[in-house]
Amino acid sequence: MMKIAFFCIPAHGHTNPTLGVVKELIARGHEVWYYSYESLREKIESTGAVFIPCDAYDTEQKLTPQDGARIGKDIAFSTKVLVDTTLALDEMVCHAMEEWKPDCIVADSMAFWGKMVAWKLGIPFVCSTTTFAFNQYSSKVMKQSTGELFKMMFSMSKVGKEIRRLKEHGYPVKNVLDIIGSDNETDTVVYTSPEFQPFSETFSEKYAFVGPSIRPVQKPFKKEKETLIYISMGTVNNDLVPLYRNVIQALAGTGYQVVLAVGEMVDLKQLGELPENITAAAYVDQMAVLEKADVFLSHCGMNSASESMYFGVPLLMLPQTTEQNGVASRVEELGAGIFLKDTSLSGIHAAVEQILQTPAYRINAEKIADSFKKCSGAKGAADKILEVCKK
């Protein structure tokens, strides 16, 4: 029996792909501890893993909304938050790891503290990447402006200070790339296919592209009209009432069935009276709807994009972050969707019609679906992790 510790950030999109892998490892008789957050306890414990909460130690959970908005935009500030969290967890996690003696640590690419503990204690390490894997070639999909690059360079002295703090606590960190970067020497599980991953041929054999983790449909969805349009902007940046109102007006009376999932931050009353062909809810079973959908208007987070492609559903894309823009650019490059550049009533209607009237978008989405279904999935990810355990 192997002992495996998982570390992840408090995000459903980063946690969900790992759950099938954890189940697979436990089904094979191995023991898994999962360091995460209370909001994800139920999901994680349902796999059979031992759940260990990190909420009390996580600096990001204590930020003001204003500071929270800086995460991902200000590299010096983001590095400080990562380092603060790592050092807050240091004593608790290192003590537990020294007592339990895991055979491997698996950490999300953004759960920096998991990688740092593995390095510090000399424990075999696997990086879990739920977005695209990034190197000098694939990073081209994350189009940074000259201004953003300048800000990064200007922040380097502040970042250096944080690196020194880690070194003082025994963490073998050389530079900021050890925090945010990946390399061809690190064993890595990537939850997409080689065909969807940009420049997959530039990554070493240490990278296992296992495909997305798609959960089963929980309750079949009834398609009531010939064409089904699904709209969801994810679980984070989804307080977009003006957009939802425009979608409702643009698609009212079209004869299409329209399903709108708005998340918990939007009061459904704000949408007004809905036309007979449109339904709205805080949440729906996304797998069940996508199984029947013809177009998906999405923020293009990696999980949502992968789920859409898995079911061969072309995307109408309105990314809200740099990461989502990178995913959307890849979908566009492969001809499986288009950007929604005009959110007016006429713009939304025209974009939906463009996808519906152009068969190539669905054909290309189905090609990506085929690449996903050829991947090894949770079993392949478990094989990779156990291979590292045995080294």
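Residues numbered from 1 in each chain as written. Predicted model: local features only at pLDDT ≥ 70, side-chain atom pairs only at ≥ 80, totals over all residues. Heavy atoms only, no water.

## Brief notes about the overall build of the protein chain
Logical step 1: In terms of helices and strands, the protein chain carries 15 helices and 13 strands.
Logical step 2: Taking as baseline every contact in the protein chain between residues at least 6 positions apart, the subset at least 24 positions apart corresponds to 64%.
Logical step 3: Counting every atom, the protein chain has about 18000 Å² of accessible surface; 53% of that belongs to carbon and sulfur. (Helix = DSSP H or I, 4+ residues; strand = E, 2+ residues; numbered from the N terminus. Contact = heavy atoms within 4.5 Å. Areas by Shrake-Rupley, 256 points an atom, 1.4 Å probe, with all protein chains shown as cover.)

## Here we look at the sheet that holds strand E10 (residues 278-281)
Remark on secondary structure: sheet strands pair via backbone hydrogen bonds, oriented parallel or antiparallel.
Logical step 1: Read across the open sheet, the six strands follow the order E10-E9-E8-E11-E12-E13; overall the sheet is parallel. Among the strands making up the open sheet, the edge pair consists of E10 and strand E13 (337-339). Ignoring which end each strand starts from, the neighbouring axes of this sheet average 15° apart.
Logical step 2: In this sheet, E13 lies alongside strand E12 (residues 315-317) in parallel orientation, the contact comprising three bridges. Bridge pairing links Leu-316 to Ile-338 in E13.
Logical step 3: Strands E12 and E13 of the sheet are contacted by helix H12 (residues 322-333), whose axis makes an angle of about 130° with E13. (Pairing = 2+ DSSP bridges. Axes fitted to C-alpha atoms, helices over the stretch in contact; angles between N-to-C directions.)

## Quick word on the pattern of salt bridges
Logical step 1: Enumeration over the complete set of coordinates arrives at 15 salt bridges.
Logical step 2: We note a salt bridge from Glu-45 to Arg-41, for which the minimum N-O separation is 2.9 Å. On the criterion of helical spacing, the pair formed by Glu-45 and Arg-41 is a turn pair, its members being four residues apart in helix H2 (residues 41-45).
Logical step 3: We classify Glu-45 as partly exposed; its relative accessible area is 40%. (Salt bridge = Lys/Arg side-chain N within 4 Å of Asp/Glu carboxyl O. Buried < 20%, exposed > 50% of the residue type's maximum accessible area, 1.4 Å probe, protein only.)

## A look at the packing of helix H11 (residues 302-310) against helix H14 (residues 359-373)
Logical step 1: The geometry of H11 relative to H14 is characterised by a closest axis approach of 7 Å and an angle of 100° between their N-to-C directions. On the basis of their axis angle, the class for H11 and H14 is roughly perpendicular. Only Ala-365, Ile-368, Ala-369, Phe-372 and Lys-373 of H14 make contact with H11, whose side of the interface consists of Ser-306, Met-309 and Tyr-310. (Parallel < 35°, antiparallel > 145°, perpendicular 65-115°, else oblique.)

## Things to note about the sheet that holds strand E2 (residues 31-36)
Logical step 1: Taken in spatial order, the seven strands make up an open sheet running E3-E2-E1-E4-E5-E6-E7, and their pairing is parallel. Each end of this open sheet is capped by a strand with a single partner; those strands are strand E3 (50-53) and strand E7 (207-209). Taking each pair of neighbouring strands and ignoring which way they run, the sheet shows an average axis angle of 20°.
Logical step 2: When strand E1 (residues 3-7) meets E2, the two strands line up parallel, connected through five bridges. Across the sheet, Phe-6 pairs through a bridge with Tyr-34, a residue of E2.
Logical step 3: Sitting on the sheet, helix H5 (residues 112-121) touches E1, strand E4 (104-108) and strand E5 (125-129), and the angle it makes with E4 is about 155°.

## Things to note about the nonpolar core
Logical step 1: Judged by nonpolar contacts, the single largest core of 61 residues is most densely connected at Ile-4, Phe-6, Met-97, Ile-105 and Ile-385.
Logical step 2: Considering each element in turn, this core owes the most residues, ten residues, to helix H4 (residues 75-100).
Logical step 3: Among the nonpolar cores identified, the runner-up in size contains 29 residues, and Val-247, Leu-340, Ile-348 and Ala-351 belong to it. (Core = buried A, V, L, I, M, F, W, Y, C linked by side-chain atoms within 4.5 Å.)

## Observations regarding the confidence of the model for the protein chain
Logical step 1: Averaged over every residue, the pLDDT of the protein chain is 88; the share at 70 or more is 88%.
Logical step 2: Scored below 50 in pLDDT, residues 144-156 makes nine contacts in the model with residues more than four places away or belonging to other chains. (pLDDT = per-residue confidence, 0-100.)

## So, the environment of Ala-328
Logical step 1: Looking at the element boundaries, Ala-328 is found in helix H12.
Logical step 2: A residue is classified by how much of its surface remains accessible, and Ala-328, at 0% relative accessible area, is buried.
Logical step 3: Residues Ala-328 and Ala-305, spaced 23 residues apart in sequence, show a C-alpha to C-alpha distance of 8.0 Å.
Logical step 4: Ignoring sequence-local partners within four residues, the contact set of Ala-328 consists of Cys-300, Met-317, Pro-319 and Phe-339.

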